[in-house]
Amino acid sequence: MSNIKLIIEERPANIGNFMVGRLLPFREKRMVGPFSFIDHMGPAAMSDHENLDVPPHPHIGLSTLTFLFEGEITHKDSLGSDIVIKPGQVNWMTSGSGIVHSERTPEYLRHTDKILHGLQIWVALPKDLEQMEPEFCHVEEADIPNWTQNGVNFKLIAGEAFGLKSPVPVYSPLYFLELKSTDRQKVNIGSSLFGESALYILEGAIESDGHIFEPRHILIANDAKLCEFTMHENTTVYIFGGEPFPEERFIYWNFVASDRALIEKAKIKWLEQSFKPVPGETDFVPLPDQNPYIKK
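Below: a short report on this structure. Please read these numbers as outputs of a predicted model, since none were measured by experiment.

Cut-off values and rules
Within any chain, residue numbers begin from 1 and follow the written order of that chain's sequence. Per-residue local features of the predicted model are confined to residues with pLDDT of at least 70, and side-chain atom pairs are confined, for both listing and counting, to 80 or more; whole-chain, interface and lining totals are unaffected and use all residues. Calculated side-chain values reflect all of the structure's heavy atoms, with hydrogen atoms and water omitted. Here is the rule: rings of Phe, Tyr and Trp (six-membered ring for Trp) pair when centre to centre is within 6.5 Å. Planes less than 30 degrees apart are stacked, more than 60 are edge-to-face, and the remainder are tilted. Helix and strand assignments come from DSSP, with helices taken as H or I runs of at least 4 residues and strands as E runs of at least 2, each series counted from the N terminus. Three labels apply to residues, based on accessible area from a 1.4 Å probe with only protein chains included: buried if under 20% of the type maximum, exposed if over 50%, partly exposed otherwise in between. In this scheme, the term charge over a ring applies when either NZ of a lysine or CZ of an arginine sits within 6 Å of the ring centre and within 35 degrees of the ring normal. Any Lys or Arg side-chain nitrogen located within 4 Å of an Asp or Glu carboxyl oxygen qualifies as a salt bridge. Strand pairing requires that DSSP identify at least two bridges connecting the strands. Note on geometry: axes are lines fitted to C-alpha atoms, helical ones only across the stretch in contact, with angles between N-to-C directions running from 0 to 180 degrees. Throughout, a residue-residue contact means that at least one pair of heavy atoms, one from each residue, lies within 4.5 Å.

1. Looking at the packing of aromatic side chains
Scanning all chains against the criterion turns up 16 aromatic pairs. Centroid distance Phe 35 to Phe 176: 6.4 Å. Interplanar angle 50 degrees. Geometry classified as tilted. You can see Phe 35 sitting in strand S4 (residues 35-46) and its partner Phe 176 sitting in strand S16 (residues 174-181), a full 141 residues away along the chain. There is no split in this pair, since Phe 35 and Phe 176 are both buried. On the numbers, 5.2 Å between centres and 10 degrees between planes, the contact of Trp 147 with Phe 154 is stacked. The rings of Phe 35, Phe 67, Phe 69, Phe 176, Tyr 238 and Phe 240 are connected pair by pair, giving a single aromatic cluster. Taking the ring centre of Tyr 252 as reference, the NZ or CZ of Lys 267 above it sits at 4.6 Å. The ring of Phe 275 carries Lys 269 above its face, with NZ or CZ at 4.7 Å from the centroid.

2. Comments concerning the pattern of salt bridges
The final tally for this structure, using the stated rule, is eleven salt bridges. A salt bridge links Asp 53 to Arg 104; its shortest N-O distance comes to 3.0 Å. Highlighted residues: Asp 53 in strand S5 (residues 53-59) and Arg 104 in strand S10 (residues 99-104), separated in sequence by 51 residues. For Asp 53, a relative accessible area of 23% gives the class partly exposed. For Arg 104, a relative accessible area of 17% gives the class buried.

3. Things to note about the sheet that holds strand S22 (residues 228-231)
Strand order in this open sheet of four strands is S17-S22-S19-S20, and the pairing throughout is antiparallel. Edge positions in the sheet fall to strand S17 (185-188) and strand S20 (211-213), since each has one partner strand and no second. Strand-to-strand twist in this sheet, taken as the mean axis angle between neighbours without regard to direction, amounts to 30 degrees.

4. Some words on the environment of Gly 118
With respect to the helices and strands, Gly 118 occurs in strand S11 (residues 114-124). For the pair Gly 118 and Glu 70, spaced 48 residues apart in the sequence, the C-alpha separation amounts to 6.7 Å. Look past the residues within four positions of Gly 118 in its chain and what remains in contact with it is Asp 39, His 40, Met 41, Phe 67, Leu 68 and Phe 69.

5. A look at the sheet that holds strand S7 (residues 73-77)
Strand order in the open sheet made by the four strands is S5-S10-S7-S8, with antiparallel pairing throughout. In the strand order of this sheet, the two ends are held by S5 and strand S8 (82-85), each with one partner. The average undirected angle you get between the axes of adjacent strands in this sheet is 20 degrees. In terms of strand pairing, S7 meets S8 through four bridges, oriented antiparallel.

6. Remarks on unusual backbone geometry
Cis rather than trans, the peptide bond between Gly 42 and Pro 43 has omega equal to 10 degrees. Tracing the backbone shows Pro 43 in strand S4. With phi around 55 degrees, Trp 253 is a residue other than glycine that occupies positive phi space. Structurally, the position occupied by Trp 253 is in the loop between strand S24 (250-252) and strand S25 (255-257). The phi torsion at Gln 273 lies on the positive side, around 55 degrees, for a residue other than glycine. Among the structural elements, Gln 273 can be located in the segment after helix H1 (260-271). We classify Gln 273 as partly exposed; its relative accessible area is 37%.

7. Examining the side chain of Ser 78
Take Ser 78: it is sitting in the loop between S7 and S8. Classification of Ser 78 by relative accessible area gives buried; the value is 5%. Excluding residues within four positions of it along the chain, Ser 78 makes contact with Ile 99, Val 100, Lys 276, Pro 277, Val 278 and Pro 279.

8. Here we look at the pairing of strand S13 (residues 146-149)
Bridging between S13 and strand S14 (residues 152-161) involves four bridges; their strand directions are antiparallel. Within S14, the position partnered with Asn 146 by the bridge is Lys 155.

9. Overview of the environment of Gly 96
Within the element layout of this structure, Gly 96 appears in the loop between strand S9 (90-94) and S10. Given the relative accessible area of 0%, Gly 96 is considered buried. Between the C-alpha atoms of Gly 96 and Ile 60, which are 36 residues apart in sequence, the distance is 5.4 Å. Setting aside chain neighbours within four positions, we find Gly 96 in contact with Ile 60, Gly 61, Leu 62, Leu 125, Leu 129, Glu 130, Gln 131 and Met 132.

This is the structure we're talking about:
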């Protein structure tokens, strides 16, 4: 990726009961286009007595995207959705004015050895849709646009690019792409991108401007149209970005908003347990004690 603005190494964080790598936000860059938060989960090897258990917790002002490489997660939410996410599928949940969901190891895997590996992403909503009614969409792997270009396999997981459109119902101009190459290949796709862009290296390595970048690094481009790099053999990267919003976004816990008042309202609502509950769930994640806002 020519004209790289920032090179960020993955940082550890916790989700549920295991470690993940926090990719976004960070101090120097809070958002890339509308993308406000990205976690790399695992790979986590869990024994027959270890499971993912993230109890019900709320979101406002964003859409969440879960994309697994290995393993399975049962998603349940306050809309009544109850579905198992499998590798290659896209789970897209839009919180709008408020939604609650849980994420757990499926019952049929809870007493087996297993691996969980994937990405969890937050995409902020445009200001005029921050208080929309919550929605949920699950997209099968077979429905995600995929193609081969100059020896590189592409998937358009969400958004629009290369004249194609993913069936994931996004609410602002964006793209989230997977690129895989088994051989060394030069990539120049800047003319197909727009807005801000970033690249995350899952496996393998890429070269740019004489430098080699290896897994678990995120590269932020100064200009999406300068997206040019060389993929090494057996490399997988994810490119995400889009048009940034004109307004600042604040993040507190699982809440994203352009107005702090919306976050304060959501905090009180969660403390009072007046969000619509997840059917069949009785426990929940308490509101954190701290009271910071992540700001630009």
